[in-house]
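What follows is each chain in one-letter form.
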Amino acid sequence: MLNRRHFVASSLAMLSQPLFSTRATASTSSQWAAWDARVTPPNFDPAKSNPWGLHPRFLPQRVQTNRALVPGDIHVDAVARYLYFIEDGGTAMRYGVAIARGNLYEPGVYTIKRKAKWPRWTPTAEMIERDPEEYTQFADGVPGGPTNPLGSRALYLYEGSRDTYLRIHGTPYPRSIGGRASSGCVRMAMPHIIGLYDRVRAGSKAHLYPPERLLTATS
(Lines give C-alpha, C1' and ligand atoms only; values in the text may rest on other atoms or scores of the structure.)
Protein backbone atom coordinates (compact mmCIF):
# COMPACT_ATOMS: atom_id res chain seq x y z
CA MET A 1 0.00 0.00 0.00
CA LEU A 2 1.39 3.36 -0.99
CA ASN A 3 1.45 6.06 1.68
CA ARG A 4 -0.28 9.28 0.63
CA ARG A 5 -0.74 12.66 2.23
CA HIS A 6 -4.33 13.86 2.51
CA PHE A 7 -3.55 17.47 1.78
CA VAL A 8 -1.53 18.07 -1.38
CA ALA A 9 -1.91 20.75 -4.06
CA SER A 10 0.17 22.54 -6.64
CA SER A 11 2.72 25.06 -5.40
CA LEU A 12 4.29 28.36 -6.30
CA ALA A 13 7.79 26.94 -5.96
CA MET A 14 8.98 28.45 -9.23
CA LEU A 15 8.14 31.99 -8.09
CA SER A 16 10.41 34.30 -6.18
CA GLN A 17 7.63 36.92 -5.97
CA PRO A 18 3.87 36.37 -6.40
CA LEU A 19 2.55 37.53 -9.75
CA PHE A 20 -1.15 37.47 -8.97
CA SER A 21 -3.72 39.14 -6.77
CA THR A 22 -6.17 37.58 -4.34
CA ARG A 23 -8.81 40.16 -5.26
CA ALA A 24 -12.04 38.27 -5.96
CA THR A 25 -13.39 38.58 -9.50
CA ALA A 26 -16.34 36.99 -11.26
CA SER A 27 -15.08 34.58 -13.90
CA THR A 28 -17.26 34.20 -17.00
CA SER A 29 -17.16 32.09 -20.14
CA SER A 30 -16.23 35.18 -22.17
CA GLN A 31 -13.29 35.75 -19.83
CA TRP A 32 -12.29 32.11 -20.22
CA ALA A 33 -12.18 32.50 -24.01
CA ALA A 34 -10.09 35.66 -23.69
CA TRP A 35 -7.72 33.97 -21.28
CA ASP A 36 -7.45 30.91 -23.54
CA ALA A 37 -6.37 33.20 -26.36
CA ARG A 38 -3.93 35.01 -24.10
CA VAL A 39 -2.04 31.86 -23.11
CA THR A 40 -2.11 30.21 -26.55
CA PRO A 41 0.71 31.14 -28.94
CA PRO A 42 -0.30 32.75 -32.26
CA ASN A 43 -0.96 30.21 -35.02
CA PHE A 44 -0.67 27.49 -32.42
CA ASP A 45 0.44 24.08 -33.71
CA PRO A 46 0.63 21.63 -30.79
CA ALA A 47 3.38 19.59 -32.41
CA LYS A 48 5.55 22.59 -33.31
CA SER A 49 4.72 25.71 -31.29
CA ASN A 50 7.29 26.11 -28.54
CA PRO A 51 7.74 29.70 -27.34
CA TRP A 52 8.74 28.32 -23.93
CA GLY A 53 11.92 26.67 -25.20
CA LEU A 54 10.94 23.17 -24.06
CA HIS A 55 12.88 20.16 -25.21
CA PRO A 56 11.07 19.02 -28.41
CA ARG A 57 10.22 15.66 -26.84
CA PHE A 58 7.82 17.43 -24.47
CA LEU A 59 5.63 18.72 -27.30
CA PRO A 60 2.38 16.79 -27.87
CA GLN A 61 2.60 13.86 -30.24
CA ARG A 62 0.65 10.72 -31.01
CA VAL A 63 2.47 7.49 -30.15
CA GLN A 64 1.79 3.78 -30.30
CA THR A 65 1.16 1.95 -27.05
CA ASN A 66 2.60 -1.52 -26.77
CA ARG A 67 0.11 -3.00 -24.34
CA ALA A 68 -3.64 -2.95 -23.92
CA LEU A 69 -4.73 0.15 -22.02
CA VAL A 70 -8.21 1.55 -21.40
CA PRO A 71 -9.13 4.33 -23.86
CA GLY A 72 -9.84 7.58 -22.04
CA ASP A 73 -7.52 6.85 -19.14
CA ILE A 74 -4.43 8.88 -18.32
CA HIS A 75 -1.01 7.44 -17.47
CA VAL A 76 1.81 9.56 -16.07
CA ASP A 77 5.38 8.31 -16.51
CA ALA A 78 7.16 10.11 -13.69
CA VAL A 79 10.60 9.08 -14.92
CA ALA A 80 10.37 10.42 -18.47
CA ARG A 81 7.95 13.22 -17.45
CA TYR A 82 5.26 12.15 -19.91
CA LEU A 83 1.48 12.09 -19.65
CA TYR A 84 -0.32 9.67 -21.99
CA PHE A 85 -3.98 10.06 -22.90
CA ILE A 86 -5.03 6.63 -24.17
CA GLU A 87 -6.97 6.53 -27.44
CA ASP A 88 -8.84 3.81 -29.31
CA GLY A 89 -6.82 1.66 -31.67
CA GLY A 90 -3.61 1.33 -29.64
CA THR A 91 -2.47 4.93 -29.77
CA ALA A 92 -2.04 7.67 -27.18
CA MET A 93 -1.44 11.39 -27.16
CA ARG A 94 1.75 12.09 -25.24
CA TYR A 95 2.50 15.36 -23.46
CA GLY A 96 5.42 16.64 -21.44
CA VAL A 97 4.71 17.34 -17.77
CA ALA A 98 6.33 18.45 -14.56
CA ILE A 99 5.81 16.41 -11.39
CA ALA A 100 6.14 17.15 -7.69
CA ARG A 101 9.47 17.91 -6.12
CA GLY A 102 11.15 15.68 -3.57
CA ASN A 103 8.91 13.21 -1.75
CA LEU A 104 5.71 15.16 -2.51
CA TYR A 105 4.90 13.12 -5.63
CA GLU A 106 2.07 10.65 -4.92
CA PRO A 107 2.00 7.49 -7.10
CA GLY A 108 -1.31 5.70 -7.30
CA VAL A 109 -4.45 5.09 -9.33
CA TYR A 110 -7.02 7.86 -9.02
CA THR A 111 -10.44 8.69 -10.42
CA ILE A 112 -10.98 11.99 -12.23
CA LYS A 113 -14.25 13.10 -10.63
CA ARG A 114 -14.19 16.80 -11.39
CA LYS A 115 -12.97 19.08 -14.19
CA ALA A 116 -12.73 22.86 -14.15
CA LYS A 117 -11.84 25.68 -16.53
CA TRP A 118 -9.73 28.49 -15.09
CA PRO A 119 -10.25 27.21 -11.53
CA ARG A 120 -9.78 29.03 -8.26
CA TRP A 121 -6.72 27.94 -6.26
CA THR A 122 -6.42 27.71 -2.47
CA PRO A 123 -3.30 26.43 -0.69
CA THR A 124 -3.91 23.45 1.57
CA ALA A 125 -3.50 23.52 5.34
CA GLU A 126 -0.38 21.39 4.92
CA MET A 127 1.17 23.88 2.51
CA ILE A 128 0.46 26.80 4.85
CA GLU A 129 1.91 24.89 7.81
CA ARG A 130 5.00 23.93 5.81
CA ASP A 131 5.68 27.42 4.47
CA PRO A 132 3.51 30.03 6.22
CA GLU A 133 5.48 33.00 4.89
CA GLU A 134 4.79 31.89 1.31
CA TYR A 135 1.20 30.69 1.55
CA THR A 136 -0.68 32.32 4.44
CA GLN A 137 -1.38 35.41 2.34
CA PHE A 138 -3.34 33.19 -0.09
CA ALA A 139 -5.34 31.27 2.54
CA ASP A 140 -8.64 32.70 1.26
CA GLY A 141 -7.90 31.55 -2.28
CA VAL A 142 -6.81 33.06 -5.58
CA PRO A 143 -9.32 33.69 -8.40
CA GLY A 144 -8.87 31.93 -11.72
CA GLY A 145 -6.83 33.64 -14.40
CA PRO A 146 -3.63 33.41 -16.47
CA THR A 147 -1.34 33.79 -13.44
CA ASN A 148 -3.28 31.45 -11.14
CA PRO A 149 -1.15 28.42 -10.15
CA LEU A 150 -3.74 25.97 -11.56
CA GLY A 151 -3.66 27.68 -14.93
CA SER A 152 -6.20 27.17 -17.68
CA ARG A 153 -7.68 23.80 -16.77
CA ALA A 154 -7.63 21.32 -13.89
CA LEU A 155 -8.53 17.66 -13.50
CA TYR A 156 -9.29 16.73 -9.89
CA LEU A 157 -8.07 13.35 -8.63
CA TYR A 158 -10.08 11.37 -6.08
CA GLU A 159 -9.74 8.14 -4.13
CA GLY A 160 -13.30 6.92 -3.75
CA SER A 161 -15.24 9.95 -2.54
CA ARG A 162 -12.17 11.64 -1.06
CA ASP A 163 -10.56 14.57 -2.84
CA THR A 164 -6.82 13.92 -2.67
CA TYR A 165 -6.01 17.55 -3.52
CA LEU A 166 -3.91 16.18 -6.35
CA ARG A 167 -4.53 17.80 -9.71
CA ILE A 168 -3.45 17.54 -13.31
CA HIS A 169 -3.44 21.18 -14.32
CA GLY A 170 -2.05 23.94 -16.46
CA THR A 171 0.75 26.11 -15.19
CA PRO A 172 1.83 29.73 -15.66
CA TYR A 173 5.40 28.40 -15.34
CA PRO A 174 5.74 26.32 -18.54
CA ARG A 175 9.53 26.20 -18.29
CA SER A 176 9.08 23.87 -15.32
CA ILE A 177 7.88 21.16 -17.73
CA GLY A 178 10.27 18.23 -17.63
CA GLY A 179 11.28 18.93 -14.05
CA ARG A 180 10.10 18.47 -10.48
CA ALA A 181 8.45 21.63 -9.28
CA SER A 182 5.05 21.30 -7.59
CA SER A 183 3.79 20.24 -4.15
CA GLY A 184 2.10 17.13 -5.50
CA CYS A 185 0.33 17.91 -8.76
CA VAL A 186 1.14 17.13 -12.38
CA ARG A 187 1.69 20.28 -14.47
CA MET A 188 1.14 20.79 -18.20
CA ALA A 189 1.67 23.75 -20.51
CA MET A 190 -1.62 25.65 -20.62
CA PRO A 191 -2.35 25.26 -24.36
CA HIS A 192 -1.64 21.53 -24.06
CA ILE A 193 -4.15 20.91 -21.29
CA ILE A 194 -6.69 23.13 -23.07
CA GLY A 195 -6.45 20.70 -26.00
CA LEU A 196 -6.67 17.66 -23.74
CA TYR A 197 -9.42 18.85 -21.41
CA ASP A 198 -12.54 18.19 -23.49
CA ARG A 199 -11.35 14.68 -24.33
CA VAL A 200 -11.15 13.61 -20.69
CA ARG A 201 -14.34 12.14 -19.24
CA ALA A 202 -15.31 12.35 -15.59
CA GLY A 203 -14.90 8.88 -14.12
CA SER A 204 -11.74 8.08 -16.07
CA LYS A 205 -8.69 6.78 -14.25
CA ALA A 206 -5.39 8.57 -13.80
CA HIS A 207 -2.44 6.24 -13.21
CA LEU A 208 0.52 8.02 -11.62
CA TYR A 209 3.53 5.72 -11.77
CA PRO A 210 6.39 5.81 -9.27
CA PRO A 211 9.46 7.80 -10.32
CA GLU A 212 11.55 4.62 -10.41
CA ARG A 213 9.29 2.74 -12.83
CA LEU A 214 8.81 3.53 -16.50
CA LEU A 215 5.55 3.37 -18.40
CA THR A 216 6.65 1.49 -21.48
CA ALA A 217 5.48 2.90 -24.82
CA THR A 218 6.96 3.31 -28.26
CA SER A 219 7.57 6.84 -29.44
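Quick notes on the rules
- Residues numbered from 1 in each chain as written.
- Predicted model: local features only at pLDDT ≥ 70, side-chain atom pairs only at ≥ 80, totals over all residues.
- Heavy atoms only, no water.
- Helix = DSSP H or I, 4+ residues; strand = E, 2+ residues; numbered from the N terminus.
- Contact = heavy atoms within 4.5 Å.
- Areas by Shrake-Rupley, 256 points an atom, 1.4 Å probe, with all protein chains shown as cover.
- Salt bridge = Lys/Arg side-chain N within 4 Å of Asp/Glu carboxyl O.
- Buried < 20%, exposed > 50% of the residue type's maximum accessible area, 1.4 Å probe, protein only.
- Polar contact = N/O pair within 3.5 Å; in protein donor to acceptor, adjacent residues only side chain to side chain.

Engineer: How would you sum up the overall build of the protein chain? Please name residues and give values.
Structural biologist: The number of helices and strands found in the protein chain is four helices and 11 strands. Within the protein chain, counting contacts between residues at least 6 apart in sequence, those at least 24 apart form 72% of the total. Surface exposure of the protein chain reaches about 10,100 Å², of which carbon and sulfur atoms provide 51%.

Engineer: Can you lay out the pattern of salt bridges for me, pointing to particular residues and giving the numbers?
Structural biologist: This structure, assessed with the given rule, holds six salt bridges. The closest approach of N and O atoms between glutamate 159 and arginine 162, which form a salt bridge, is 2.3 Å. Beyond isolated ion pairs, a larger network of salt bridges with shared partners links Arg62, Glu87 and Arg199.

Engineer: Would you mind going over unusual backbone geometry in detail, with residue names and values included?
Structural biologist: Positive phi, normally seen in glycine, also occurs at asparagine 43, with a value near 50°. Relative to the helices and strands, asparagine 43 is located in the loop between α1 (29–39) and β1 (61–64). The phi angle at arginine 81 is positive, at roughly 65°, despite the residue not being glycine. Relative to the helices and strands, arginine 81 is located in the loop between β2 (74–77) and β3 (82–86).

Engineer: How would you explain the side chain of threonine 91 if you had to name every residue and give the values?
Structural biologist: Within the secondary structure, threonine 91 is located in strand β4 (residues 91–96). What makes threonine 91 buried here is its relative accessible area of 13%. In terms of polar contacts, threonine 91 uses its side chain to reach the side chain of glutamate 87, at 2.7 Å. With residues near it in sequence (within four places) discarded, threonine 91 still touches Arg62, Val63, Gln64, Thr65, Phe85 and Ile86.

Engineer: Which residues make up the environment of arginine 180, and what values go with them?
Structural biologist: Within the secondary structure, arginine 180 is located in strand β9 (residues 180–182). Sequence-wise, arginine 180 and alanine 78 are 102 residues apart; in three dimensions their C-alpha atoms are separated by 9.4 Å. Among the polar contacts made by the side chain of arginine 180, one reaches the main-chain carbonyl oxygen of alanine 100 at a distance of 2.7 Å.

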